[in-house]
Amino acid sequence: MDPMPDPAPALPAPRDDLAGLEPYGAPQLDVPHLLNVNENPFPPSAALAADLGRAVSATAAQLHRYPDREFLALRRDLAAFLAEESGIEAPAPEQVWAANGSNEIMQQLFQAYGGPGRTALSFTPHYSMYPEYARDTFTGWVTAERGPAPDFALAPDAVTAAIAEHRPAIVLLTSPNNPTGTALSLDVVRAAATAQAAHRGLVVVDEAYGEFRRDGVPSALTLLPEHANLAVSRTMSKAFALAGARLGYLVADPAIVDTVRIVRLPYHLSAATQAVARTALAHRAELLGQVELLRSERDALAAHLAARGHEVAPSDANFILFRAFDDRHAVWERLLERGVLIREVGPAPWLRVSVGTPEDNAAFRDALDIADPALADPAPAGSRPASEKDSDR
Ligand code: PMP
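Residues numbered from 1 in each chain as written. Predicted model: local features only at pLDDT ≥ 70, side-chain atom pairs only at ≥ 80, totals over all residues. Heavy atoms only, no water.

1. Here's the deal with unusual backbone geometry
Convention followed: Only DSSP runs of H or I covering at least 4 residues are called helices, and only runs of E covering at least 2 are called strands; the numbering of each starts at the N terminus.
In the segment running from Ser 175 into Pro 176, the intervening peptide bond is cis, with an omega of -5 degrees. A cis amide bond links Asn 178 with the next residue in sequence, Pro 179, at an omega value of 15 degrees. With respect to the helices, strands and loops of the structure, Pro 179 is situated in the loop between strand 5 (170-174) and helix 6 (186-197). Look at Ala 241: it is not a glycine, yet its phi comes out positive at around 55 degrees. Its place among the elements puts Ala 241 in the loop between strand 7 (230-235) and strand 8 (248-252).

Below is the structure:
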């Protein structure tokens, strides 16, 4: 008799280190108040949407051709925006590079400067994608800790000590940091760039939320003329409310950009993406006006949370990390039941809420009163339920 056929078709074996892993991503749920992935809550105005439509239409007639592989016009527009935004001298277009989201920018930097036998260093709590850039490019991944709550600050000597210990090819700093909202002082970036220069290592400062920083907080862009081993990455996903278009970019020495150009896929930035990004940049006065509103909503929401008795991490971003009173998963679920989706991220029992429209923020405040009632008269620590004890911090 013939042997029984194998009921499962023989699937190819993936890389050993990928076995059993799930793709990264927060839940995409259809609820009224989406405050979980730090999106900008304002859709394009009718005038901007019409302009974006026209710009994409204009590319349609040429879609039989590959897009402009060097996209110097977009790089020039990005440079002009940065000069305005950060008070730096406009970088040369050869110092600017763009890709499909700052996720792809980071992946390209890891492809170019990481790799087998090399290590990348960052500081916890950090953006959850970072270890994936390392895994996907076969780069070793090490972390050191940020300072204690509620500031989660990073000190120059902590950074130089971690660099001395690991001698990483890449140091990944984030300012403002996700999920804590903490901006870095320039001393930290300077210390990292100087320590990295000793073994020809790279420093990347991820400024995905840079435009939301408070007045007087400088950008690492101002340090580019001093440090040839520094790359600063930005995105149009947040301040420009363009998460759906996928446009991230970096500024660095032209030699770094040239190295990234070696590993990029040809024609990675579609003609439609380039047209959309340039159109949004032309509308930046309107878009950055909304950043002002979000910054003031953030400060009001942080003050509200503090007044309720929460520990609140000072935020320079468009989100706030706060310490829940009750078990954070229970709070997260009770908020969701009321149509408010936030993020269970960072150290327990902290939760992260993105700053939404004034209506979103009001809905969050109302739902939180029920989901995580403030303790009017806190009981002594020993008599509190387990989820509220200090060991839970
Ligand atoms: N860096 C940080 C710190 C982020 O939080 C995010 C997105 N949430 C990104 C980078 C990636 O953003 P994008 O790919 O949309 O530019």
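2. Here we look at the environment of Gly 20
Along the chain, Gly 20 turns up in the segment before strand 1 (33-34). Gly 20 sits 211 residues away from Ala 231 along the chain, and the two C-alpha atoms are 34 Å apart.

3. Quick notes on the packing of helix 5 (residues 156-166) against helix 6
Heads up, the condition is: Lines fitted to the C-alpha atoms define the axes, with helices restricted to the stretch that makes contact. Angles between their N-to-C directions range from 0 to 180 degrees. Note on angle classes: values under 35 degrees are labelled roughly parallel, values over 145 roughly antiparallel, values of 65 to 115 roughly perpendicular, and the remainder oblique. It is the rotation of the near helix from the far one that decides the hand of a crossing: anticlockwise by less than a right angle makes it left-handed, clockwise makes it right-handed. Every residue pair with non-hydrogen atoms within 4.5 Å of one another is taken to be in contact.
Axis separation between helix 5 and helix 6 bottoms out at 8 Å; the angle between their running directions is 20 degrees. The angle between helix 5 and helix 6 places the two elements in the roughly parallel class. For the pair helix 5 and helix 6, the crossing hand works out as right-handed. Contact with helix 5, carried on its side by Pro 156, Val 159, Thr 160 and Ile 163, involves Asp 187, Val 188, Ala 191, Ala 192, Ala 195 and Gln 196 of helix 6 and no other residues of that element.

4. Quick notes on the site of the ligand
Condition: Throughout this document, a residue counts as near a molecule or strand when at least one of its heavy atoms sits within 4 Å of that molecule or strand. Any pair of nitrogen or oxygen atoms within 3.5 Å is treated as a polar contact; in protein, a donor-acceptor pairing is required on top of that, and neighbouring residues in sequence qualify only through side-chain atoms on both sides. With residues, only the protein chains shown are counted as cover, and all accessible areas are computed by Shrake-Rupley using a 1.4 Å probe. Here the nonpolar group is Ala, Val, Leu, Ile, Met, Phe, Trp, Tyr, Cys and Pro; Asp, Glu, Lys and Arg are the charged ones; every other residue, Gly included, is treated as polar.
In the vicinity of the ligand lie 14 residues, with Ser 102, Asp 206, Tyr 209, Thr 235 and Ser 237 positioned nearest. A distance of 2.8 Å separates an oxygen atom of the ligand from a polar atom in the side chain of Asn 178. About the coverage of the ligand: the protein hides 93% of its 400 Å² of free accessible area. Looking at the shell around the ligand element by element, the count peaks at 3 residues for helix 3 (residues 101-113). Looking at the shell around the ligand residue by residue, the classes come out as 4 nonpolar, 7 polar and 3 charged.

5. Concerning helix 1 (residues 46-60)
The α-helix winds at 3.6 residues per turn, so residues separated by three or four positions along the chain end up facing the same way. How we decide: Here, expected helix span is obtained from the residue count minus one, scaled by 1.5 Å. Note on classification: 1.4 Å probe, protein chains only; a residue is buried when its accessible area is under 20% of the maximum for its type, exposed when over 50%, partly exposed between these limits. Directions are taken from the helix axis to each C-beta atom, and the arc is the one they span.
Compared with the 21 Å implied by 1.5 Å per residue over 15 residues, the 21 Å span of helix 1 between its first and last C-alpha is a close match. Along helix 1, the residues classified as buried are Leu 48, Leu 52, Ala 55 and Thr 59. Buried residues of helix 1, seen end-on, are gathered within an arc of 60 degrees and therefore sit on one face of the element. In helix 1, the exposed positions that point more than 90 degrees away from the buried face belong to Ala 46, Ala 47, Arg 54 and Ala 58. Where helix 1 is buried, its residues meet helix 8 (271-282) and helix 9 (284-307).

6. A word on the pairing of strand 5
The condition is simple: Two strands pair under a simple rule: DSSP has to find at least two bridges between them. Handedness of a crossover is defined as follows: with both strands directed away from the viewer, a clockwise route from the first strand across the helix to the second makes it right-handed.
Among the 5 residues in strand 5, 5 count as buried, and that is most of the element. Side chains Ile 170, Leu 172 and Thr 174 project from strand 5 onto one buried face, and the interleaved Val 171 and Leu 173 project onto a second face that is buried too. Direction of pairing for strand 3 (residues 119-124) relative to strand 5: parallel, over a ladder of 2 bridges. What sits directly across from Ala 120, in strand 5, is Ile 170. Between the parallel pair strand 5 and strand 6 (residues 202-206), the chain is carried across by helix 6, and the sense of this crossover is right-handed.

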